[in-house]
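# Breakdown of the fold
If you want the building blocks of each chain, they are given just below.
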Amino acid sequence: MRLHVNIDHVATIRQARGESYPDPVWAASLCELSGAHGITAHLREDRRHISDRDVRILKQTIRTVMNLEMAATDEMVGIACEVRPEIATLVPEKREERTTEGGLDVEKGGGKLAKAVERLMSAGIEVALFIDPEIRQIDASAALKVPRIELHTGDYAHARGASVAKEIDRLTAASRAATARGLHVAAGHGLDYPNVQPVARIPGVRELNIGHAIIARAVFVGLERAVRDMLDLFRPPAKASAQ
């Protein structure tokens with residue numbers, strides 16, 4: 001299991017006061033030094049947190065994997081083709097939302113989505129589609145010949161009681177179906193320290209994208225420890241030694 005840390009909310013704190021700090025570029029370096037396998041950043045159309053400057057410097061300084069989240073617009077695709085992150089994850093985007101709400105409707109994405117995928121892949125960028133854990137969306141993603149998907153875990157993160165197990169079953173079925181179609185499977189959204197382990201143990205899920213929980217914990221314990229604490233949760237439980 002690999003951890004990609006989303007650094008958007010370091011930039012959120014910076015933008016709250018219009019200062020030059022805290023710098024998400026510095027945060028990315030600390031995350032990598034602490035064991036993160038990749039860095040995720042979402043360049044939104046309204047530039048509410050990550051900026052164009054951040055994206056360009058991150059590409060120059062990240063030593064692991066850069067995952068650029070973005071809407072499938074001509075502007076964003078153009079920026080990605082110029083910067084060339086290792087991964088471009090296409091996500092739905094609404095101006096009024098606090099954070100991404102649900103996955104792409106790939107099935108209804110039509111020619112616009114296909115065109116964005118084609119441009120990005122022609123530039124040598126691996127494309128991932130952020131989708132709800134539904135078979136029809138997995139089939140539509142496979143039809144676009146993308147190498148990756150990211151399963152939206154928001155419904156699981158907000159589930160309570162018996163619904164938790166149902167959402168894990170749903171994610172497990174989606175991961176199984178995507179793996180059978182040759183897709184690299186990631187997962188993310190709303191994952192935190194108490195709820196991450198069941199998702200980390202789903203067969204076929206190879207990486208998790210986690211941001212808000214890690215940055216929030218870093219306020220109290222520091223970014224390096226927050227990343228390491230999350231990585232510790234990825235490890236399988238130790239087997240009891242024979243007496």
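These figures come from a predicted structure and were not determined experimentally.

## Some details on helix α10 (residues 212-221)
Burial in α10 covers these residues: Ala213, Ile214, Ile215 and Ala218. Packing partners of the buried residues in α10 comprise β1 (2-6), α1 (8-17), β8 (205-210) and α11 (223-234). Trailing α10 by a residue or two, Gly222 shows a phi angle of about 95°, which is positive.

## Digging into the sheet that holds strand β3 (residues 66-70)
Taken in spatial order, the eight strands of this closed barrel run β1-β2-β3-β4-β5-β6-β7-β8, and their pairing is parallel. Going from strand to strand, the sheet's axes swing by 25° on average, the running direction of each strand aside. By the bridge criterion, four bridges tie strand β4 (residues 87-90) to strand β5 (residues 126-131) in an arrangement that is parallel. What sits directly across from Ala88, in β5, is Val127. Along the sheet face, α11 touches β1 and β8 and points at about 150° away from the line of β1.

## Comments concerning the environment of Ile168
The residue Ile168 is located in helix α8 (residues 162-180) in this model. Separated by 29 residues in the primary sequence, Ile168 and Gln197 have C-alpha atoms spaced 11 Å apart. Apart from the residues lying within four places of it in its own chain, the contact partners of Ile168 are Tyr156, Pro198, Val199 and Ile202.

## What to know about the packing of α10 against α11
In the contact formed by α10 and α11, the axes pass within 7 Å of each other and the chain directions differ by 125°. In terms of orientation, α10 and α11 fall into the oblique class. Every pair of crossing elements has a handedness; the one defined by α10 and α11 is right-handed. Side by side, α10 and α11 meet where Ile214, Ile215, Arg217, Ala218 and Val221 of the first sit next to Leu223, Arg225, Ala226, Val227, Asp229 and Met230 of the second.

## Structural notes on the side chain of Asn209
Of note, Asn209 is situated in strand β8. Side-chain polar atoms of Asn209 contact the side chain of Thr40, separated by 2.6 Å. Apart from the residues lying within four places of it in its own chain, the contact partners of Asn209 are His4, Thr40, Asn67, Glu150, Ala186, Ala187, Gly188 and His189.

## Looking at the environment of Leu171
Topologically, Leu171 is positioned in helix α8. Exposure remark for Leu171: the relative accessible area of 3% places this residue in the buried category. Once the C-alpha coordinates of Leu171 and Leu43 are considered, the two residues, 128 residues apart in sequence, prove to be 27 Å apart. Setting aside anything within four residues of it in sequence, one finds Leu171 in contact with Pro133, Leu151, His152, Thr153, Tyr156, Val199 and Ile202.

## Observations regarding the pairing of strand β7 (residues 184-188)
In summary, the side chains of a regular strand alternate between the two faces of the sheet. Buried residues dominate β7, accounting for five of its five residues. A two-sided burial pattern is seen for β7, the buried positions comprising His184, Ala186 and Gly188 on one face and Val185 and Ala187 on the other. Both strand β6 (residues 148-152) and β7 contribute to a ladder of five bridges, which runs parallel. Along β7, the bridge assignment pairs Ile149 with Val185.

## Side note on helix α2 (residues 24-33)
Those residues of α2 not exposed but buried are Pro24, Val25, Ala27, Ala28, Cys31 and Glu32. Buried residues of α2, seen end-on, are gathered within an arc of 155° and therefore sit on one face of the element. The exposed set on the far side of α2, more than 90 degrees from its buried face, consists of Trp26 and Leu33. In this structure, the buried side of α2 is in contact with β1, α1, β2 (38-42), α3 (52-61) and α11.

## Topic: the pattern of salt bridges
In total, this model carries 21 salt bridges according to the counting rule given. The salt bridge involving Glu134 is made with Arg170; its shortest N-O contact spans 3.7 Å. Highlighted residues: Glu134 in the loop between β5 and α6 (135-143) and Arg170 in helix α8, separated in sequence by 36 residues. Beyond isolated ion pairs, a larger network of salt bridges with shared partners links Asp105, Glu107, Glu134, Arg136, Asp155, Glu167 and Arg170.

## Concerning the pairing of β8
Among the six residues that make up β8, five are buried, leaving the element largely enclosed by the rest of the structure. Bridge analysis of β1 against β8 gives four bridges, and the strand direction is parallel. By the bridge assignment, Leu3 is partnered in β8 with Leu208.

Procedures and definitions
Residues numbered from 1 in each chain as written. Predicted model: local features only at pLDDT ≥ 70, side-chain atom pairs only at ≥ 80, totals over all residues. Heavy atoms only, no water. Buried < 20%, exposed > 50% of the residue type's maximum accessible area, 1.4 Å probe, protein only. Helix = DSSP H or I, 4+ residues; strand = E, 2+ residues; numbered from the N terminus. Contact = heavy atoms within 4.5 Å. Pairing = 2+ DSSP bridges. Axes fitted to C-alpha atoms, helices over the stretch in contact; angles between N-to-C directions. Parallel < 35°, antiparallel > 145°, perpendicular 65-115°, else oblique. Left-handed = near helix turned anticlockwise from the far one by under 90°. Polar contact = N/O pair within 3.5 Å; in protein donor to acceptor, adjacent residues only side chain to side chain. Arc of directions from axis to C-beta. Salt bridge = Lys/Arg side-chain N within 4 Å of Asp/Glu carboxyl O.

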